[in-house]
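Residues per chain are reported as follows:
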Amino acid sequence: MTNKDIRQGTKSIWAGESDYLAFGATQVPVVHSVSFGYEDMDEWYEVAIGNKEGHIYGRNTNPTVEAFEQKVRILEGAEHATSFSTGMAAISNTLSTFLFPGDRIVSIKDSYGGTNKIFTEFLPKQNVDVSLCDTGDHEAIEAEVAKGCDVLYLETPTNPTVKITDIERMAKAGKEAGAIVIVDNTFATPINQNPLELGVDLVIHSATKFLGGHADALGGVLVGPKELVEKVYHFREINGATLDPMAAYLLLRGMKTLKLRVERQNENAQKVAEFLETVDVVDAVYYPGLPTHPNHDIAAKQMKGFGGMLSFNVKGGVDTLRHLLPKLQYANRAANLGAVETIVGPTRTTSHVECTPEERAAMGIPEGLIRYSTGIEDVEDLIEDLDQAFKALPKELFQNA
Ligand SMILES: *Cc1c(COP(=O)(O)O)cnc(C)c1O
């Protein structure tokens, strides 16, 4: 059997590792050596100029890091992969490789907070024209792309209200305009969504989140055609945002259970979202798996599962969430997401902390919005935990809300 024939769960465990199992090890060794030595001067030269496979210096390549890249590459069905110290390094290195003064990028308003800062703070300083469209407004994106566009950058589902963009339709629009189409697939993971199959050029992940899954290692990865990924690799090897071998090992180990975890998170999130819809204090639930989600049909078409991320709004705003969140026993109150533990946080404190309340309101983010990253706990416990926290709320908080 080739890697092509096996399924995602088997790939999570076996794919990409065999070339790196030195000494008969059954687990990929962590190679901490910064440098790789050669006795044969001709061989050294051939490796150094890229004619022969091998490693020279840790800022360029490393065997443990390469095994991690291979596993993600195979899970996303890509030709090539390269990795980075963080998800933001993957995004900034990729954009820096393809955008130059006078170029134009089209994206959405609801991108990840750090990505949004690149669009609003850094790219304009480099004289790159940035056009941000309402997320989910496909006609607006198509119109902006048709005006001329070097990069079309998408993220779906988005943070925190899990908005959905039609990837196949946007990839077509981007291609017609001659743009490089990039999708941040962090929220969906390769288990739930494979944007390359839908026609995009490049896929980025913050491996810190679901890929690693244990909130103990930072990393980023880019996959796509060799010709494009190698250009970004070259930018990264020179500019230095290299993934550390120990982090690569932790991410590799986490990825062995990727399919198990994501399937469980899909199931748990669906049940939690359905429960939240029955709670009086909750006046809105955002989850692509709910038929009430405005783009549920698009999500059902392009996703194999609806993911572990959801959000909900509580009546009474900040006062209510101030009482509610500390009462949860089985949730970390923290800014990250995608781990085995459930994680909750007010959007005003986490992804959109840099915005004013007015700016958040304009983006459709009320002050009582809570982001909920569903873990792999027994879902009955998660629901009972939420239920006891809701029942303990002082009634006067939201009676008049
Ligand atoms: C966290 C995140 C990033 C940034 O990743 P880091 O590893 O924290 O740098 C990018 N995109 C999305 C969707 C994220 O959730």
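The preceding data block contains the structure.
Reference entry: report on the structure contained in this document.

Conventions and cut-offs
Residues numbered from 1 in each chain as written. Predicted model: local features only at pLDDT ≥ 70, side-chain atom pairs only at ≥ 80, totals over all residues. Heavy atoms only, no water. Axes fitted to C-alpha atoms, helices over the stretch in contact; angles between N-to-C directions. Helix = DSSP H or I, 4+ residues; strand = E, 2+ residues; numbered from the N terminus. Parallel < 35°, antiparallel > 145°, perpendicular 65-115°, else oblique. Left-handed = near helix turned anticlockwise from the far one by under 90°. Contact = heavy atoms within 4.5 Å. Nonpolar A, V, L, I, M, F, W, Y, C, P; charged D, E, K, R; others polar. 1 Å grid on protein atoms, 1.4 Å probe; cavity = no way out; pocket = protein on both sides within 12 Å on 5 of 7 lines; lining within 4 Å. Points joined across faces, edges and corners; volume = space filled by probe spheres on them. Buried < 20%, exposed > 50% of the residue type's maximum accessible area, 1.4 Å probe, protein only. Lys, Arg positive; Asp, Glu negative; His and termini not counted. Salt bridge = Lys/Arg side-chain N within 4 Å of Asp/Glu carboxyl O. Polar contact = N/O pair within 3.5 Å; in protein donor to acceptor, adjacent residues only side chain to side chain. Near = heavy atom within 4 Å. Areas by Shrake-Rupley, 256 points an atom, 1.4 Å probe, with all protein chains shown as cover. Sits in = over half its atoms within 2 Å of the grid points. Pairing = 2+ DSSP bridges. Expected span 1.5 Å × (residues − 1). Arc of directions from axis to C-beta.

### Section: the packing of helix H4 (residues 87-98) against helix H5 (residues 113-125)
When two helices pack together, their arrangement is given by the angle between the helix axes and by the axis-to-axis distance. Their axes nearest at 10 Å, the elements H4 and H5 cross at an angle of 25°. Comparing the axis directions of H4 and H5 gives the class roughly parallel. For the crossing formed where H4 meets H5, the hand is right-handed. Contacts between H4 and H5 involve Met88, Ile91, Ser92 and Leu95 on the former and, on the latter, Gly114, Thr115, Ile118 and Phe119. Residues of the contact of H4 with H5, tallied by class, amount to 5 nonpolar, 3 polar and no charged.

### Here we look at the layout of surface pockets
One water molecule sets the probe size; rolling that probe over the atoms shows where empty space is left. Here the largest pocket defines a volume of roughly 1300 Å³. Surrounding the largest pocket, 43 residues form its lining, Glu53, Gly54, His55, Thr61 and Glu66 being those nearest its centre. Looking at the lining of the largest pocket, the elements that each hand over two or more residues are helix H2 (41-48), helix H3 (63-75), strand S1 (80-84) and helix H9 (226-239). Ranked by the residues each element gives to the lining of the largest pocket, the list is headed by H3, at 8 residues. Its residues assigned to classes, the lining of the largest pocket shows 18 nonpolar, 13 polar and 12 charged. Approximately 340 Å³ is the volume attributed to the second largest pocket. Taken together, 24 residues form the lining of the second largest pocket, with Met88, Tyr112, Ser206, Lys209 and Leu337 sitting closest to its centre.

### Quick notes on the side chain of Arg371
When you line up the elements, Arg371 lands in strand S12 (residues 369-373). Among buried charged residues, Arg371 stands out as having no salt bridge; its nearest opposite-charge side chain is Glu155, 8.6 Å away. One polar contact links Arg371 to Asn159, side chain to side chain, over a distance of 3.0 Å.

### Quick look at the site of the ligand
Surrounding the ligand, one finds 13 residues, the nearest of these being Gly87, Met88, Asp184, Thr208 and Lys209. Residue Ser206 places a side-chain N or O atom 2.9 Å away from an oxygen atom belonging to the ligand. Notes on the ligand: free accessible area 380 Å², of which the protein chains cover 93%. A molecule is said to occupy a pocket when more than half its atoms come within 2 Å of that pocket's grid points, and by this definition the ligand occupies the second largest pocket. Taken together, the residues of the shell around the ligand break down into 4 nonpolar, 6 polar and 3 charged.

### Concerning the sheet that holds strand S6 (residues 202-206)
Read from one edge of the open sheet, 7 strands run S1-S7-S6-S5-S4-S2-S3, paired in mixed fashion. Either end of the sheet is taken by a strand with one partner, and the two such strands are S1 and strand S3 (129-133). On average, adjacent strands in this sheet sit at an angle of 20° to one another, irrespective of strand direction. As judged from the 3 bridges shared by strand S5 (residues 180-184) and S6, these two strands associate in the parallel manner. Each residue of the ladder has a partner; that of Val183, found in S6, is Val203. Most of the contacts of H4 go to S6, to which it runs at about 150°, and overall it touches S1, strand S2 (104-108), strand S4 (151-155), S5, S6 and strand S7 (220-224). Where helix H7 (residues 167-176) meets the sheet, it contacts S4 and S5, and its direction lies at approximately 155° from that of S5.

### Quick word on the pattern of salt bridges
Counted under the stated rule, the structure contains 20 salt bridges. Ionic pairing is found between Asp378 and Arg264, a salt bridge with its closest N-O pair at 3.2 Å. Of the two residues, Asp378 is situated in the loop between S12 and helix H15 (379-391) and Arg264 in helix H11 (residues 258-276); the sequence distance between them amounts to 114 residues. Residue class for Asp378 comes out partly exposed when judged on its relative accessible area of 44%. The class of Arg264 is partly exposed, set by a relative accessible area of 29%. We note a salt bridge from Lys391 to Asp387, for which the minimum N-O separation is 2.8 Å. Here Lys391 pairs with Asp387, and both are found in helix H15, just 4 residues apart, close to one helical turn.

### Some words on the pairing of S1
Most of S1 sits inside the fold, with 4 of its 5 residues counted as buried. Across 5 bridges, S1 lies against S7 in antiparallel orientation. Looking at S7, one finds that Ser83 is bridged to Val221.

### Digging into unusual backbone geometry
Between Thr156 and Pro157 the backbone carries a cis peptide bond, its omega angle lying at -5°. Its place among the elements puts Pro157 in the loop between S4 and H7. Cis geometry marks the peptide bond from Asn159 to Pro160; its omega dihedral reads -5°. Assignment of secondary structure puts Pro160 in the loop between S4 and H7. Its identity is not glycine, yet Phe23 carries a phi of approximately 65°, on the positive side. Along the polypeptide, Phe23 turns up in the loop between helix H1 (8-14) and H2.

### Some points on H15
Side chains of residues three or four places apart in an α-helix project in the same direction, reflecting 3.6 residues per turn. Compared with an ideal rise of 1.5 Å per residue, which puts 13 residues at 18 Å, H15 spans 18 Å between its outermost C-alpha atoms and is within 8% of the ideal. Of the residues making up H15, those classed as buried are Val379, Leu382, Asp385, Leu386, Ala389 and Phe390. Buried residues in H15, looked at end-on, bunch into an arc of 130°, giving them a common side. Looking at H15, the residues exposed on the side facing more than 90 degrees away from the buried face are Glu384 and Lys391.

Everything listed here is a matter of coordinates, which is why it stays silent on function.
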